[in-house]
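One letter stands for each residue in the lines below.
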Amino acid sequence: MSPSDRYPERPQRVYFFGTCLIDLLYPEAGLAGMQLIRREGVEVLYPRDQTCCGQPAWNSGYRDEARSVAMRQIGCFPQPYPIVVPSGSCAGMMRHQYPRLFQGSPEQETALAFAARIFELTEFLVHVLKIDLQDLGAPVEVALHVSCAARRELQVADEHRVLLQQLEGVTLLEQQRAEECCGFGGTFAVKHPEISAAMVEEKCNAVVATGATRLVSGDCGCLMNINGHAQHRNEALQGQHIASFLWERTNAAER
Amino acid sequence: MNDARSNILKRLKEAGPGLPETAEQTPVPLARWSPAQRIERFSQRMESVRAEVHIVPDNGWIDLLKELVSEKGIGTLLYSPPTEYGSAIGAAWGTSDGPLRTLTGEIEEWQEQLFSDIDAALTSTHAAIAETGTLVLWPDSAEPRTFSLVPPIHIALLKAERIFDTFADLVAREQWQNGLPTNALLISGPSKSADIEQTLAYGVHGPVELIVLVLTEA
Amino acid sequence: MQQSVEFRGRSREALGNEQIRSNFRQAMDGLMSKRKASFPDQDELRRLRLRAAEIRANALLKLPELLERLEQRCHENGIQVHWAESTAEANAIVLGIMQRHDARLLIKGKSMVSEEMELNHYLEAHGIECLESDLGEYILQLAGEPPSHIVAPAIHKSRQQIAQLFRQKFPDIPYSEDVDTLTRSARTILRRKFNQAPVGLSGVNFAVAETGTICLVENEGNGRMCTTVPPVHIAVTGIEKVVEHLADIPPLLSLLPRSATGQHITTYFNMISSPRKPGERDGPQEVHLVLLDNGRSRIYQDQELIQTLRCIRCGACMNHCPVYARIGGHAYGTTIPGPIGSILEPQKAGLDRLGDLPTASTLCGACAEVCPVKIPIPDLLNRLRFERVRSDGDNLTPGQGSQRHGWEPTVWRAWSWLHAHPLVYRLGTRIASRLRWLQPRRLGNWSRVRSTPRVASRTLHELAAKNGFNDE
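Residues numbered from 1 in each chain as written. Chains lettered and ligands numbered in written order. Predicted model: local features only at pLDDT ≥ 70, side-chain atom pairs only at ≥ 80, totals over all residues. Heavy atoms only, no water.

Engineer: Please explain the overall build of chain C as it appears in this structure.
Structural biologist: Within chain C, the regular secondary structure consists of 23 helices and 10 strands. With the C-alpha coordinates of chain C rotated into their principal frame, the extents come out at 90 × 55 × 45 Å. For chain C, restricting intrachain contacts to residue pairs at least 6 apart in sequence, the fraction spanning at least 24 positions comes to 72%. Accessible area for chain C stands at about 16600 Å²; split by element, carbon and sulfur atoms hold 51% of it. Between the averaged position of the 60 positive side-chain charges in chain C and that of its 52 negative side-chain charges there is a distance of 8 Å. (Helix = DSSP H or I, 4+ residues; strand = E, 2+ residues; numbered from the N terminus. Contact = heavy atoms within 4.5 Å. Areas by Shrake-Rupley, 256 points an atom, 1.4 Å probe, with all protein chains shown as cover. Lys, Arg positive; Asp, Glu negative; His and termini not counted. Charge placed at Lys NZ, Arg CZ, Asp CG, Glu CD.)

The structure is reproduced here in structure tokens:
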């Protein structure tokens, strides 16, 4: 599917799906995402009944449990507006896994139509809003971590880069094995903590080796993992969601 | 084991995989080269895997062969007289046989000799593939399979016009599905292994050296 | 045979072994960059993968018919075809052939199916010597270890370790850590055996139904030796390796070596269509083809899991797997390790025994991205995670539901209830943000290597409302 088929014209209104992780732990990232969209003249609706996409249960094999949660989410977004998600992982779940989750069920058609309305935040900013960012910040060197879902399931790694490259003062530093997973993987980190620890250690080494003190990612799960490990090691590295980073650098009031 | 056969087939047939028929065949464009490019590509690919390639006019290869034999200190060279090149080779060292050796009868009669007494073997080739730098051999009663396998050096004669662009092209043009020999072989370089620390070592079980003489029209 | 109950213990052990970790890391980095360099044309790669996936899907679709055609063509060509439902039956077939020829030595080319059969062990119990001739497999046989990678079996060993092994086994050969010298020693030892062995055994990379042809991919020449010099050749294969047409071979051959090691083609591609014909002067007088099921026809019955059987055993999924790169192949405890092993082996041996394997992945998708036949490995891992805890089984996958125990199902039910009740959820998250000073400082294993994430003082639900982002 070419981008022009995949992406709609700029809408008047969008829904925002904040994700459970952002809701509880990183609300400023969600808020920044909504503010970026609103600044482009698009009304952002945040349905109050949203909770979680259901991915944790889905990836743990608890399909019935995932389905009932997913069904509730679908019900939260009744109008045909696009739904923007500030996470590759959750957007991937809703766009690519919901059709599998509801396959053969009476809700299959509904789920398919719903999935087609899901957009990850960076792709929405780049392809639908065609955003043009004016950098107001001081020069800074950053490293980027693109989540595996954003990179492979949604294929929006380039969109992350495009946005950062719009910022004049930002220099993107490249890391070794950038495309390798950071090792979180949801319940994987619980079931196989040592393997997960070995992965995040090497990921953190690679990021630190770039010399960047800022780490940007489109997924708070990865940030919680990589940044959490960096903090544990007392590294100077500071992780931030790409929405917060973009908002902070382009919003005059924040200066 | 007829039970096994019918049980397995029964399970497979009952399952009737319920997959949609995949009539689709995604086209894969095949590389195309001119005759000169084919020789170049073939040689470059062969050399990249440590084969030795000599491009030689078809009236000059006997001299080159003799040079190679003395240069490499090949004491015994196996060849097959009843082939296109057999009589030319047989006459190459004049009245004495020099290094030339022949083997008659079936492997049971000469296996020992082949494993212990032959330094190099010369064979013709059925064709070659430019894309991957590959020789195609269709061993036959004149030139058995082991000739290109057991001796430490394999010298192959290849007519330049028998170099095809790709394997797919060769199989399609010659309609291989209508008749394959007992053994069809693709050979791309000397025997090698990277089983120790990913480090390439040559001459593991097959020939240590592969020398290709590409014969062009004089 | 395969006990992966100890997967966690073995993976922990491997993680603690610096040598193993650095050997694998280096090797996998090398294999990944070589693969990448061998596919400079992304459009060609895309088309080849689509084509290869179609070829394999088509072959599976027609599998019973193709197996019958293969058998028919082989029969016409003089190749004897045997069918085995289990590894025990396959072993007995091989033993029977050996006994009929009064053969005491079997020389083997690389074959993962013979590993699956544990053929060496079986034949040795019957007084028959089995000798691995692939250099990597030979090294492992000397060491008494199983392969740790399907393409590069001894990849976990350093040259020093191999040199020590040779010194121990062959005290007469001068000690050397030089790869060429080690290789030459193996060549000399194995040549004598090739010259003596009455029976050779090989695996099968592709079996062509249309022509009754066995195709073998290799670099060393030992595969050719095993299939050419001994008077009898036995090829063992899983029933899924068949393809319909000879024209299916070039695209598969174009992908297999590049995906595996980044080579454009292997040194040898060996196509065997019959035993020695009258007038021919070498080649085996008998060729046998053993078709092994061992659970494959059961996997075949599931419309989704059948995709497992498309595999052409290139190993690219393990080369690119961040989990495999850290723990290596032995930790899996199965014939085939890595991502493909984690979907294939539990379906054969049962989720009760190998139930951990589908969980040993972050579902990062690196495997599916490089798979030459486009097996959706993460989807199938996800499916097996479902199978291992599902309560309403169809009894197709062995060990279904066996991992459903303890608190886990209750926890997920509670989790699901909470997230399906928005009011309760909002109240709960709001309370959590207000009482965040009560939050535990440590969260089990998570906090052993990471700081504990802190609940924010306000939820996004609250911030959204406060900043004018309305409900509708």
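Structure's up, so let's keep going.
Engineer: Please explain the sheet that holds strand β8 (residues 238-241) of chain A as it appears in this structure.
Structural biologist: Working definition: the strands of a sheet are paired by backbone hydrogen bonds and lie parallel or antiparallel to each other. Residues and elements named next belong to chain A. Spatially, 4 strands are ordered β6-β5-β7-β8 in an open sheet, and the strand pairing comes out parallel. Of all the strands in the sheet, just β6 (170-173) and β8 have a single pairing partner and so form its edges. Taken over all neighbouring pairs, the strand axes of this sheet differ in orientation by 35 degrees on average, direction set aside. Pairing geometry for strand β7 (residues 214-217) and β8, over 4 bridges, is parallel. Across the sheet, Arg214 pairs through a bridge with Gln238, a residue of β8. Across the face of the sheet, helix α13 (residues 220-232) comes into contact with β5 (140-145), β7 and β8 while running at roughly 175 degrees to β8. (Pairing = 2+ DSSP bridges. Axes fitted to C-alpha atoms, helices over the stretch in contact; angles between N-to-C directions.)

Engineer: What is the right way to look at the environment of Thr188 of chain C in this model?
Structural biologist: All names here are of chain C. Within the secondary structure layout, Thr188 lies in helix α10 (residues 179-196). Here Thr188 falls in the partly exposed class, since its relative accessible area comes to 42%. When the C-alpha positions of Thr188 and Gly223 are compared, they lie 16 Å apart, and in sequence the two are 35 residues distant. In this structure the side chain of Thr188 is engaged in a polar contact, spanning 2.9 Å, whose partner is the backbone oxygen of Arg184. (Buried < 20%, exposed > 50% of the residue type's maximum accessible area, 1.4 Å probe, protein only. Polar contact = N/O pair within 3.5 Å; in protein donor to acceptor, adjacent residues only side chain to side chain.)

Engineer: Would you mind showing me how to read the environment of Pro346 of chain C here?
Structural biologist: Residues and elements named next belong to chain C. Considering the arrangement of structural elements, one finds Pro346 in helix α16 (residues 338-349). The class for Pro346 is buried, based on a relative accessible area of 0%. Residues Pro346 and Pro358, spaced 12 residues apart in sequence, show a C-alpha to C-alpha distance of 8.0 Å. Not counting residues up to four positions away in its chain, the partners in contact with Pro346 are Gly341, Leu351, Leu354, Leu357, Pro358 and Pro398.

Engineer: Please explain the environment of Asn270 of chain C as it appears in this structure.
Structural biologist: Structurally, Asn270 of chain C is set in strand β9 (residues 268-272). Along the chain, Asn270 of chain C and Leu438 of chain C lie 168 residues apart, while their C-alpha atoms are 69 Å from each other. Once residues within four sequence positions are removed from consideration, Asn270 of chain C is found in contact with Asn183, Ala184 and Leu185 of chain B together with Ile214, Cys215, Leu216, Gly223, Arg224 and Thr227 of chain C. Of note is the side chain of Asn270 of chain C, whose polar atom sits 2.7 Å from the side chain of Asn183 of chain B. Side chain to side chain, Asn270 of chain C and Thr227 of chain C meet in a polar contact 3.2 Å long.

Engineer: What exactly am I supposed to notice about the arrangement of the chains here?
Structural biologist: With 2 pairs of chains in contact overall, the contact-richest pair is chains B and C. Between chain A and chain B there is no contact, and the shortest C-alpha to C-alpha separation is 15 Å.

Engineer: Explain the interface of chain C and chain B here, please?
Structural biologist: Accessible area lost when the parts come together is the quantity often used to give the size of an interface. Contact with chain C, which involves 93 residues of that partner, is made by 78 residues of chain B. Buried surface at the junction of chain C and chain B, both sides included, amounts to about 7500 Å², of which 56% is carbon and sulfur. Remark: the boundary between chain C and chain B carries 7 salt bridges. A salt bridge links Arg11 of chain B to Glu85 of chain C, with the nearest nitrogen and oxygen atoms 2.9 Å apart. Counting across the chain C and chain B interface gives 48 residue pairs in polar contact (both at pLDDT 80 or more). Class assignment for the residues of the side of chain C that touches chain B results in 41 nonpolar, 27 polar and 25 charged. Pairing between strand β9 (residues 183-187) of chain B and β9 of chain C: 5 bridges, direction antiparallel. Pairing of Asn183 of chain B across the sheet is with Ile272 of chain C, part of β9 of chain C. (Buried area = accessible area lost by both parts, 1.4 Å probe. Salt bridge = Lys/Arg side-chain N within 4 Å of Asp/Glu carboxyl O. Nonpolar A, V, L, I, M, F, W, Y, C, P; charged D, E, K, R; others polar.)

Engineer: It is not clear to me how the sheet that holds strand β1 (residues 79-84) of chain C should be interpreted in this structure. Could you clarify?
Structural biologist: All names here are of chain C. Taken together, 6 strands build an open sheet; the order of strands is β1-β10-β7-β4-β2-β3 and the sheet is parallel. Of all the strands in the sheet, just β1 and β3 (129-132) have a single pairing partner and so form its edges. The average angle at which neighbouring strand axes cross in this sheet is 25 degrees, direction not considered. Of the pairings in the sheet, the one linking strand β4 (residues 199-202) to strand β7 (residues 232-238) comprises 4 bridges and is parallel in character. Across the sheet, residue Ser202 finds its bridge partner in β7, namely Ala235. Helix α4 (residues 63-77) rests against β1 and β10 (286-292) of the sheet, and its axis sits at about 145 degrees to β1.

Engineer: Explain the interface of chain C and chain A to me, please; I cannot follow it from the model alone.
Structural biologist: At the interface, 67 residues of chain C touch 66 residues of chain A. In this assembly, chain C packs against chain A so that about 6100 Å² is buried in total across both faces, 58% of it on carbon and sulfur atoms. On the chain C side of the interface with chain A, the three residues burying the most area are Trp412, Leu460 and Phe469 of chain C, jointly 12% of the side's total. Asp379 of chain C is the salt-bridge partner of Arg100 of chain A, the closest N and O atoms lying 3.1 Å from each other. Taken together, the links from chain C to chain A amount to 40 residue pairs in polar contact (both at pLDDT 80 or more). Here the side of chain C that touches chain A is built from residues that sort into 27 nonpolar, 17 polar and 23 charged.

Engineer: Would you mind going over the domain arrangement of chain C with me for this structure?
Structural biologist: Partitioning chain C into domains gives domain 1 (1-38 + 326-404), domain 2 (39-294) and domain 3 (411-466). Between domain 1 of chain C and domain 3 of chain C, the C-alpha centre-to-centre distance is 32 Å. (Domains from an automatic or database assignment.)

Engineer: Hey, could you run me through the side chain of Thr211 of chain C in this one?
Structural biologist: With respect to the helices, strands and loops of the structure, Thr211 of chain C is situated in the loop between β5 (206-208) and β6 (213-218). Relative accessible area serves as the criterion here: at 9%, Thr211 of chain C is assigned to the buried category. Apart from residues no more than four positions distant in its own chain, Thr211 of chain C is found in contact with Gln177 and Leu180 of chain B together with Arg73, Asn77 and Leu246 of chain C.

Engineer: Help me understand the packing of helix α3 (residues 27-39) of chain A against helix α8 (residues 121-128) of chain A in this model?
Structural biologist: Each pair of packed helices can be summarised by the angle the axes make with each other and by the distance between the axes. Residue and element names in this part refer to chain A. Look at α3 against α8: their axes get within 11 Å of each other, and the N-to-C directions meet at 10 degrees. Taken together, the axes of α3 and α8 are roughly parallel relative to one another. Two secondary-structure elements touch here, α3 through Gly33, Leu36 and Ile37 and α8 through Leu121, Phe124 and Leu125. Counted by class, the contact of α3 with α8 contains 5 nonpolar, 1 polar and no charged residues. (Parallel < 35°, antiparallel > 145°, perpendicular 65-115°, else oblique.)

Engineer: Would you explain the confidence of the model for chain C in this entry?
Structural biologist: Atom-level detail of predicted coordinates should not be read off regions where pLDDT is low. Confidence in the prediction of chain C, expressed as mean pLDDT, is 95, and 99% of residues score 70 or more. Overall fold confidence for the complex sits at a pTM of 0.96, while the interface term, ipTM, reaches 0.97. (pLDDT = per-residue confidence, 0-100.)

Engineer: Sorry, what's going on with unusual backbone geometry here?
Structural biologist: Trans is the prevailing form of peptide bonds, just as negative phi is the prevailing case for residues other than glycine. All names here are of chain C. Unlike most non-glycine residues, Asn294 shows phi in positive territory, near 45 degrees. Mapped onto the fold, Asn294 is located in the loop between β10 and α13 (296-299). With a phi close to 60 degrees, Asn395 is a non-glycine residue in the positive phi region. Assignment of secondary structure puts Asn395 in the loop between α19 (377-389) and α20 (408-419).

Engineer: Any chance you could explain a nonpolar patch on the surface here in plain terms?
Structural biologist: A contiguous nonpolar patch, built from Leu427, Ile431, Leu435, Trp437 and Leu438 of chain C and spanning about 550 Å² of accessible area, is present on the exposed surface. Overall, Ile431 of chain C belongs to the partly exposed group, its relative accessible area being 43%. (Patch = residues over 30% accessible without salt bridge, like charges linked within 9 Å, V, L, I, M, F, W, Y side chains within 5 Å.)

Engineer: Would you take a moment to explain the nonpolar core for this structure?
Structural biologist: Burial of nonpolar side chains together is a common tendency in soluble globular proteins. The biggest cluster of nonpolar side chains holds 111 residues, and the ones touching the most others in it are Phe167 and Trp176 of chain B together with Phe269 of chain C. Sequence-distant contacts of Phe269 of chain C, defined by excluding residues within four places in its chain, comprise Phe167, Ala184, Leu185 and Leu186 of chain B together with Phe206, Cys215, Leu216, Val217, Ile249 and Leu253 of chain C. In terms of nonpolar packing, the next biggest core, distinct from the first, is built from 97 residues, Phe119 and Leu223 of chain A together with Val389 and Trp415 of chain C among them. (Core = buried A, V, L, I, M, F, W, Y, C linked by side-chain atoms within 4.5 Å.)

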